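So the chains spell out like this:
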Amino acid sequence: MKYKLTIGLEIHAELKTRTKMFCGCPNNPHNAEPNANVCPVCLAHPGALPVINREAIRSILKVGLALGGKISEHPKFDRKSYFYPDLPKGYQISQYGLPLINGGELVGVKLERIHLEEDTGRLAHAHGVSLVDYNRAGVPLMELVTKPVIDSADKALEFAKELQLLLRYLDVSDADMEKGQMRVEANISISPDRKKLGTKVELKNINSFKAVKDAIASEIERQASLLGKGERVVQETRGWNEDKKITFSQRIKEESDDYRYMPEPDLPPLDFTASGSPIDIKELRLSLPELPWEKRKRFVKEYGLKKGSDELERLIDDRGEADFFEKFVSEAKTKEHSGKIINLGINYLDSDLVGIIKAEGLSWDTLCITPENFVETIEMVIKGSISSTTAKQILQSASVSPSPSPSQIVAENKLFQISDEGILLTTIEEIVRENSDAVIRYKAGKEKALKFLVGQTMGKLSGRGNPALVERLLRDYLSR
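A. Inspection of the sheet that holds strand 4 (residues 91-94) at higher detail. Taken in spatial order, the three strands make up an open sheet running 4-3-15, and their pairing is antiparallel. With partners counted over all chains shown, the strands left at the sheet margins are strand 4 and strand 15 (262-263), one partner each. Two elements, strand 3 (residues 78-81) and strand 4, share four bridges in a ladder whose sense is antiparallel. Paired with Asp 78 across the strands is Ser 94, a residue of strand 4.

This is how it looks when you write it as structure tokens:
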């Protein structure tokens, strides 16, 4: 039987403000010392009063503006009452009736709202004892809620990835799922009636992109199996067991009435009307950077990158690499063989430079080689001045520490590629004499033997021989 699948997402992201949401404690939930970043406000001591973090408000407004949402003129905070050991107040300061942002859209998925709240503490379980760390309690937390319009696990995954990218482009959250900085919750229902929604089941705190897709697919399969057997789907909250690849029941799902929402009496409503706004919305809109989908579209148009290609998505996913790429292309266009430099340079960028950054623990900001020196290195390869092996050596050296120009490195270390046929033939004669068995195998039709001889020749020349010329001269020499 075919069912109507409906998915809605609720995504939480910790904001990277300097201080917590309602107090001056450092926003450092990953401090190794438990309960180091706490105060009477975030520990809910009697009489302690919250103060709104302006930067957290700005962060949410930036997200809302980027997604085309409508800013509420008079948003307010509410108390969401529920008990949990890591919730010091016995309630959470959140938003319900009047969130900061209503509506918006991302990757074709309509949004319900974006609001701001405080995070809870963290429980640590060991040796039969549970300990509470309140370093995270009070950290500003964005919650984005989609409309129930997603119809596949793949679409849910696409949405979550694009939102993470946006949060990083706006620099409002690192959104690292492994560190709990971004948590995905999915509300899933299936129904045999195409006009009605099924019973909603919430999957809680999914902490990896792989788990987003796997957990949703598993829950769809579970609900379909129940309905197929004539059983009822229970409205509940479920978790995801990564090892067993199944969802499991955690608790019966609450309704909004169960939280007993009430206006937060210690915080007045905000005023975003033109005359009373504590934040200049127009200035904030103008401050938005180029957004991921804008950059994606421009890169296709300006650089001829293929829409949806891995090459394009790698650049969009890493702003540092994209910035280096653009500066490299701009510099390459001033050179005689610009097309060849750009095409070959992209290969070195994706393989060698990315590899060096990962291996050395660098970032694009701390990478020492400049786009100008990168272009100069690639240009020397194309002109035949240096070999690919030498280019890789230069990139390694120039990337990890400030270095002179590539041409200076080559000149000072005598690294120029050898294309003199006389020198190459002399070396080839030596290699042939020293490797008679390989010569016999080649003349017997074993092509791999020639590759071996080329490698031996290049080794004798310390990698500086022109490989294409070495191979041609070897073939000619052995055919005599």
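Let's pick the thread back up.
B. Region of the structure containing the pattern of salt bridges. Tallied over the entire structure, the rule returns 40 salt bridges. In this structure, Asp 174 engages Lys 16 in a salt bridge whose closest nitrogen and oxygen atoms are separated by 3.0 Å. Separated by 158 residues along the polypeptide, Asp 174 in the loop between helix 2 (153-169) and strand 11 (182-191) and Lys 16 in the loop between strand 1 (4-14) and helix 1 (54-66) bring together distant segments of the chain. Residue classification places Asp 174 among the partly exposed positions, given a relative accessible area of 38%. The class for Lys 16 is partly exposed, based on a relative accessible area of 39%. Salt-bridge contacts for Lys 245 lead to Glu 242; the nearest nitrogen and oxygen are separated by 2.3 Å. According to the relative accessible area criterion, Lys 245 is partly exposed, its value standing at 34%. Given the relative accessible area of 34%, Glu 242 is considered partly exposed. In this structure, a network of salt bridges that share partners links the residues Glu 290, Lys 295, Arg 298, Glu 302 and Glu 326.

What counts and what doesn't
- Residues numbered from 1 in each chain as written.
- Predicted model: local features only at pLDDT ≥ 70, side-chain atom pairs only at ≥ 80, totals over all residues.
- Heavy atoms only, no water.
- Pairing = 2+ DSSP bridges.
- Helix = DSSP H or I, 4+ residues; strand = E, 2+ residues; numbered from the N terminus.
- Salt bridge = Lys/Arg side-chain N within 4 Å of Asp/Glu carboxyl O.
- Buried < 20%, exposed > 50% of the residue type's maximum accessible area, 1.4 Å probe, protein only.

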